[in-house]
Amino acid sequence: MKKKLTFIGLGILVVFLLLLGTYKLMNSRNYQVFGGLTDKVETNEKVVALTFDDGPSKNVNQILPLLDKYDAKATFFLIGNEIENYPEEAGKIAEAGHQIGNHTYAHKRMVFKSPSFIKTEIEKTDKLIRNSGYKGEIDVRPPNGKKILGLPYYLNKNDRDTITWNLEPDSYYTSASDKVKYVKENIKPGSIILIHPMYDDTGKELQAIEEILRELTNEGYTFVTVNELQEL
């Protein structure tokens, strides 16, 4: 009986460790089993990548002038079904010379999904991005940054990069001032900053974006696309 209980205990421990490992792998911002992943770039140049997730939405019409004001280039990881809803805004992003990335078609967590589901989510969105007029390389950012095996395997097979981030002010703070302070205190050359401004109706995200642009520009930083950052 004692031996049996020991084996049961070991079995529970093994299952727990497997689940913990899977959880950590799913949420890792700097590691995946297959293919290339970029959460930041090692460089001595004072350059950073400002990235926006979700959308497009009408807020694009306020974000683009802010970027233009500070001569900044950004990377927009767009959702396929939102490009269908706001094709004009997607086109404006491409026309302004910013990078457009793939944030899947339906923004579902890309874990425990079939190969056919993953293929459809990525390729359907790729087509919509191309229809917007964007001609550059299309990087991929999984929704919520979550991935295990299927998505990294597909991207690696198709010579595509996974892009995550190393600074995420929205995850820790709600006020614009706190978000800006967090970025200023943690910024390093080669950082990738994640912000979610597309569905904000309060103006706080736009305020945070402008203050980040102003403060980092004053510190001598230049804002480039993810692709440009990777080329350093």
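Quantities reported herein were computed from a predicted structural model and do not represent experimental measurements.

Student: Talk me through the overall build of the chain; I want residue IDs and the actual numbers.
Tutor: A tally of helices and strands in the chain yields nine helices and seven strands. Buried residues in the chain amount to 49% of all 232 residues. When contacts within the chain are restricted to residue pairs at least 6 apart in sequence, long-range pairs at least 24 apart make up 76% of them. In the structure as shown, the chain presents an accessible area of about 11800 Å², 53% of it carried by carbon and sulfur atoms.

Student: Kindly report on the packing of aromatic side chains, identifying the contributing residues and their values.
Tutor: By the definition in use, this model includes four aromatic pairs. Here the aromatic rings of tyrosine 172 and tyrosine 173 are separated by 6.5 Å at their centres, their planes lie at 70°, and the arrangement is edge-to-face. Measuring from centroid to centroid gives 5.9 Å for tyrosine 173 and tyrosine 182, while their planes differ by 50°, and the two rings are tilted. Residue classification places tyrosine 182 among the buried residues on the basis of a relative accessible area of 11%. Connected via pairs of aromatic rings, a cluster forms that spans Tyr172, Tyr173 and Tyr182. We note lysine 113 situated over the ring of phenylalanine 117; from NZ or CZ to the ring centre the distance is 5.1 Å.

Student: Can you tell me about a negative patch on the surface, naming the residues and giving the values?
Tutor: Residues Glu137, Asp159, Glu228 and Glu231 make up a contiguous surface patch of negative charge. Mapping glutamate 231 onto the fold places it in the segment after helix H9 (226-230).

Student: Please give an account of the environment of valine 224 that cites residues and values.
Tutor: Relative to the assigned elements, valine 224 resides in strand S7 (residues 222-224). In this structure the C-alpha to C-alpha distance between valine 224 and threonine 51, which are 173 residues apart in sequence, comes to 9.7 Å. For valine 224, the contacting residues outside a window of four places in its chain are Val47, Val48, Ala49, Leu50, Lys73 and Leu229.

Student: So what about helix H6 (residues 150-157)? Which residues, and what values?
Tutor: Within H6, the full set of buried residues consists of Leu151, Pro152, Tyr154 and Leu155. Viewed along the axis of H6, the buried residues span an arc of 160°, placing them on a single side of the element. Looking one or two places after H6, you find aspartate 159, whose phi comes out positive at around 55°.

Student: Please give an account of the pattern of salt bridges that cites residues and values.
Tutor: Evaluation of the coordinates by the stated rule reveals ten salt bridges. Among the salt bridges present, the one from aspartate 39 reaches lysine 40, with a minimum N-O distance of 3.4 Å. Residues glutamate 210 and lysine 69 are paired through a salt bridge, measuring 2.8 Å at the closest nitrogen-oxygen approach. Of this pair, glutamate 210 sits in helix H8 (residues 204-218) while lysine 69 is found in helix H2 (residues 60-69), placing the two residues 141 residues apart along the sequence. Salt bridges sharing partners connect three or more residues here, namely Asp170, Lys179 and Glu205.

Student: Describe the packing of H2 against H8, and please don't skip the residues or the numbers.
Tutor: Between H2 and H8, the least distance of the axes is 10 Å, while the angle of their chain directions is 10°. Regarding the angle of H2 to H8, the classification is roughly parallel. Taking contact as the criterion, the partners of Gln62, Ile63, Leu66, Leu67 and Lys69 in H2 are, on H8, Leu206, Ile209, Glu210 and Leu213.

Student: Give me unusual backbone geometry: which residues, what numbers.
Tutor: In the segment running from glycine 55 into proline 56, the intervening peptide bond is cis, with an omega of 15°. In the Ramachandran plot, aspartate 54 falls in the positive-phi region, its phi being about 80° despite a non-glycine side chain. You can see aspartate 54 is positioned in the loop between strand S2 (47-53) and H2. Take aspartate 54: its relative accessible area is 10%, and that puts it in the buried class. Phi angles above zero are rare outside glycine, and aspartate 71 is one such case at about 50°. With respect to the helices and strands, the residue aspartate 71 is situated in the loop between H2 and strand S3 (75-78). Classification of aspartate 71 as exposed rests on a relative accessible area of 68%.

Student: An account of the side chain of aspartate 126 is needed here, citing residue identities and associated values.
Tutor: Examined against the element boundaries, aspartate 126 turns out to sit in helix H5 (residues 115-131). The exposure class assigned to aspartate 126 is buried, which follows from its relative accessible area of 14%. Only 3.0 Å separates the side chain of aspartate 126 from the side chain of arginine 160, close enough to count as a polar contact. Residues contacting aspartate 126, with those up to four places away along its chain left out, are Asn102, Ile138 and Arg160.

Definitions and limits used
- The numbering scheme is per chain: residues are counted from 1 as the chain's sequence reads.
- Whole-chain, interface and lining totals are the exception, using all residues; otherwise, since this is a predicted model, local features are given only for residues with pLDDT of at least 70 and side-chain atom pairs are given and counted only at 80 or more.
- The basis for every side-chain value is the complete set of non-hydrogen atoms in the structure, without hydrogens or water.
- Going along the chain from the N terminus, every DSSP run of H or I of four or more residues is numbered as a helix, and every run of E of two or more is numbered as a strand.
- For every residue, the accessible area (1.4 Å probe, protein chains only) is compared with the maximum for its type, and the residue is labelled buried under 20%, exposed over 50%, or partly exposed between those bounds.
- Note on contacts: a residue pair qualifies if any of its non-hydrogen atoms lie within 4.5 Å across the two residues.
- The protein chains shown are the only cover counted for residues, whose accessible areas, like all others here, come from Shrake-Rupley with a 1.4 Å probe.
- Centres within 6.5 Å make a pair out of two Phe, Tyr or Trp rings, where for Trp the six-membered ring is used; the pair is then stacked when the planes are under 30 degrees apart, edge-to-face when over 60, and tilted otherwise.
- For a Lys NZ or an Arg CZ to count as sitting over a ring, it must be within 6 Å of the ring centre and within 35 degrees of the ring normal.
- For patches, a residue must show more than 30% relative accessible area and have no salt bridge; joins then use 9 Å for like charges and 5 Å for nonpolar side chains, namely Val, Leu, Ile, Met, Phe, Trp and Tyr.
- Salt bridge, as used here: a side-chain nitrogen of Lys or Arg that lies within 4 Å of a carboxyl oxygen of Asp or Glu.
- We treat Lys and Arg as the positive residues and Asp and Glu as the negative residues; His and chain ends play no part in the count.
- For the purpose of locating charges, the reference atoms are NZ of Lys, CZ of Arg, CG of Asp and CD of Glu.
- Relevant arc is that of directions from the helix axis to the C-beta atoms, nothing else.
- The convention used is that axes are lines fitted to C-alpha atoms, helices contributing only their stretch in contact, and that angles between N-to-C directions extend from 0 to 180 degrees.
- For this classification, under 35 degrees means roughly parallel, over 145 means roughly antiparallel, 65 to 115 means roughly perpendicular, and everything else is oblique.
- The term polar contact refers here to a pair of N or O atoms within 3.5 Å; inside protein, the definition further demands a hydrogen-donor-capable atom paired with an acceptor-capable atom, and it admits residues adjacent in sequence only when both atoms are side-chain atoms.

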